[in-house]
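Architecture and fold: a report
What follows is each chain in one-letter form.
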Amino acid sequence: MNLTTGAAFALLGAMPMVMITGQKGILSHKQALFQVVDIVSTMAPLTKMARQIVSAATIPSVVREAFRLAQQERLGPVHLELPEDIAHEMAPDVPLVMPHPIEMPVAQDAALDRAADLILRAERPLVMLGAAASRPKLADALSQFVRRLRIPFFNTQMGKGAVAGGSNLYMGTAALSERDYVHQAIDRADQ
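All figures in this text were calculated on a predicted structure; none of them were measured in a lab.

**Points about the side chain of E81**
Summarising the element assignment, E81 is placed in strand β3 (residues 77-83). An unpaired buried charge is present at E81: no salt bridge exists, and R51, the closest side chain of opposite charge, is 11 Å distant. Look past the residues within four positions of E81 in its chain and what remains in contact with it is T21, G22, Q23, I39, V40, R51, Q52 and I53.

The following block contains the structure:
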């Protein structure tokens, strides 16, 4: 149960994470079911996948799938539950599958042209940088984008640091307070 906060943070922040928890045995119930918390159902809304491993033979494929999903766009957390009786089973000897590069999605040229046209026609453009913008491969490109087009920007709490500071284009961090200058800029920005 203590992992739910970490799972939620990873889901909101698009952070890859594989969580593995234990559980009482599932093949025979020596303890009453009221003593078992359904962690898989608890984790389901907080993860990209939450699954109980029900056979040692499936461990290699389930774990491989968990890591693939955690690293696939949109990055995020995955939960696997390993019951103690399944953990004691002999697993088959499976050769390792070497990791392969993950292809990053690329927008179609027509979609990029439409987006560029909307930005160039905007009277009061404003860029919001959220959690997904805080990725190492995006920092330079986002910084160049706002500086080149001279578009003011702000960030959410989880988007802090996505674009290098030191620019008069930076408006600050959106907070829960209402009617501050960041929120006024949002109200006045192109829709």
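Read on, since the account is not over.
**So, the pairing of β3**
The buried fraction of β3 is high, at six of seven residues. Here seven bridges tie strand β1 (residues 17-23) to β3, and the two strands are oriented parallel to one another. Bridge pairing links M17 to P77 in β3. Handedness of the strand β2 (residues 49-52)-helix α3 (residues 59-71)-β3 crossover: right-handed.

**Overview of the sheet that holds strand β5 (residues 153-155)**
Reading across from one edge, β4-β5-β6 is the order of the three strands in this open sheet, with parallel pairing throughout. This sheet does not close on itself; its edge strands, each paired only once, are β4 (127-129) and β6 (170-173). For this sheet, the mean inter-axis angle between neighbouring strands, taken without regard to orientation, is 20°. For β4 and β5, the ladder comprises three bridges, and the chain directions are parallel. Bridge pairing links V127 to F153 in β5. Here helix α7 (residues 181-188) sits on the sheet in contact with β5 and β6, set at roughly 115° to β6.

**Quick look at the nonpolar core**
Counting residues in each nonpolar core, the largest one holds ten residues, listed as V127, L129, A133, L142, V146, I151, F153, A162, V163 and L169. Broken down by secondary-structure element, the contributors of at least two residues to this core are β4 and α6 (139-149). M49, I53, L69 and L80 belong to the second-largest nonpolar core, a separate cluster that totals nine residues.

**Points about unusual backbone geometry**
Trans is the common state for peptide bonds, and a negative phi is the common state for residues other than glycine. Note the cis peptide between E73 and R74, where omega equals -20°. Relative to the helices and strands, R74 resides in the loop between α3 and β3. Despite not being glycine, A14 has its phi angle at roughly 55°, a positive value. Positionally, A14 belongs in the loop between α1 (3-13) and β1. By relative accessible area, A14 is classed as buried at 5%. Non-glycine residue R150 carries a positive phi angle of around 60°. Its location among the elements puts R150 in the loop between α6 and β5.

Reading the values: the criteria
Residue numbers restart at each chain and count upward from 1, following the sequence in its written direction. In keeping with the model being predicted, local features are shown solely for residues with a pLDDT of at least 70 and side-chain atom pairs are shown and tallied solely at 80 or more, while totals for entire chains, interfaces and linings include all residues. Side-chain numbers come from the whole structure's heavy atoms, not from hydrogens or water. Going along the chain from the N terminus, every DSSP run of H or I of four or more residues is numbered as a helix, and every run of E of two or more is numbered as a strand. Per-residue accessibility, obtained with a 1.4 Å probe over protein chains only, is compared with the maximum for each type, and a residue is labelled buried under 20%, exposed over 50%, and partly exposed between these values. We treat Lys and Arg as the positive residues and Asp and Glu as the negative residues; His and chain ends play no part in the count. Should a side-chain nitrogen of Lys or Arg be within 4 Å of a carboxyl oxygen of Asp or Glu, the pair is scored as a salt bridge. Contacts were defined at the residue level, with two residues in contact if any of their heavy atoms lie within 4.5 Å. The pairing criterion for strands is at least two bridges between them, as found by DSSP. If the strands point away from the viewer and the path from the first strand over the helix to the second runs clockwise, then the crossover is right-handed. Comment: axis = line fitted to C-alpha atoms, over the contacting stretch for helices; angle = value between 0 and 180 degrees taken between N-to-C directions. Throughout this description, the term nonpolar core refers to a set of buried Ala, Val, Leu, Ile, Met, Phe, Trp, Tyr and Cys residues connected via side-chain atoms within 4.5 Å.

These figures capture arrangement, not role.
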